[in-house]
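The residues making up each chain are set out below.
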Amino acid sequence: MNIIRFNAHDAQVTGWLHEDHDRLSAHKTRPAVIVCAGGCYRRLSPREKDPAALAFFSIGYQAFLLEYSTEEKAGELRPLRELAETVRHIRELANEWHIVPDRIAVMGFSAGGHLAASLGVLWHELALGEICRPDALILCYPVITAGQFAHQESIKFVTGGNLDLKNLLSLENHVTDHMPPTFIWHCMGDKDVPVENSMLLLSAMRRAGIPCECHLFEGGSHGISLCNQEVETPYPDCAPWLDLCRTWLNRRFMFVP
């Protein structure tokens, strides 16, 4: 394993990379996953940081963790620009880091899911253009809307009270055919970010013809990450999301680890 670090504007990115071995000719290059933890755009939840990135590293992916700007620094689309820059940087160094450049997924939890979905929905409006487009999204109990079912704290921090940003970042209203294929999971028992967030996005993607897969688990809660004892949120009924996601992403990326 090689551990690398770089900056994306004001954010730090850590990467865990599989080394290139002559005897592993089938895995000279691999897909990559960029993880965005949740935390209301106020902090970054530790259970959704390294454990999530290393879970994907363990199944053969090159894994990255973006520690994006939070609190008062989360306004003015700063986290979105940091994520876009992260995708650009990884894609430009794909050959050096043994990554398939058109197999880069962005995964986000809660507010990090809002960030990942924001890039998926809005990448074509950013100055960087197509080089920052994710090839797939993985959205874990994501914040999506600034409307009726909004998670108000997340929306407050990411918009800074700017009404124009609030309208822009109510993502269900801006889905077009530019959005990449998407995997979503959410718990019906989530009392912090209502499941309607995922359902609103799913309906918008369905109308736009975006390939997507969605799993809604009965019960459960919010912020449960890998749903195991390692992250101190053991929810065995929801834990299958990771295997379901791996199957979906491997098929989407034509990856056989």
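Everything here concerns the structure above.
Remember, predicted model here, so these are calculated numbers, not experimental data.

## A short note on the sheet that holds strand β5 (residues 99-109)
In a beta sheet, neighbouring strands pair by backbone hydrogen bonds and run either parallel or antiparallel.
Here comes step 1: If you trace the eight strands from one edge of the open sheet to the other, you get β1-β2-β4-β3-β5-β6-β7-β8, paired in mixed fashion. Bordering the open sheet on either side are β1 (2-8) and β8 (212-217), each of which pairs with just one other strand. The average undirected angle you get between the axes of adjacent strands in this sheet is 15 degrees.
Here comes step 2: Where strand β3 (residues 30-36) and strand β4 (residues 62-67) come together, four bridges link them in parallel fashion. When the sheet's bridge partners are listed, Val33 is paired in β4 with Ala63.
Here comes step 3: Across the face of the sheet, helix α7 (residues 241-253) comes into contact with β3, β5, β6 (136-140), β7 (182-187) and β8 while running at roughly 170 degrees to β6.

## Quick look at the pattern of salt bridges
Here comes step 1: In total, this model carries ten salt bridges according to the counting rule given.
Here comes step 2: Between Asp10 and Arg78 there is a salt bridge; the shortest N-O distance is 3.8 Å. In this pair, Asp10 is assigned in the loop between β1 and β2 (11-17) and Arg78 in helix α2 (residues 78-92), connecting sequence segments 68 residues apart.
Here comes step 3: Connected via shared salt-bridge partners are Asp10, Glu76 and Arg78.

## Quick look at empty space enclosed by the protein
Here comes step 1: With the rule as written, the count across this model stands at one cavity of 30 Å³ or more.
Here comes step 2: Empty space within the largest cavity amounts to approximately 50 Å³.
Here comes step 3: Lining the largest cavity, in full, are Tyr41, Leu77, Pro79, Leu80, His114, Leu115, Ser118, Val158 and Leu169.
Here comes step 4: Broken down by element, the lining of the largest cavity gets its largest block of residues, three residues, from helix α3 (residues 111-122).

Conventions adopted
- Residues numbered from 1 in each chain as written.
- Predicted model: local features only at pLDDT ≥ 70, side-chain atom pairs only at ≥ 80, totals over all residues.
- Heavy atoms only, no water.
- Pairing = 2+ DSSP bridges.
- Helix = DSSP H or I, 4+ residues; strand = E, 2+ residues; numbered from the N terminus.
- Axes fitted to C-alpha atoms, helices over the stretch in contact; angles between N-to-C directions.
- Contact = heavy atoms within 4.5 Å.
- Salt bridge = Lys/Arg side-chain N within 4 Å of Asp/Glu carboxyl O.
- 1 Å grid on protein atoms, 1.4 Å probe; cavity = no way out; pocket = protein on both sides within 12 Å on 5 of 7 lines; lining within 4 Å.
- Points joined across faces, edges and corners; volume = space filled by probe spheres on them.

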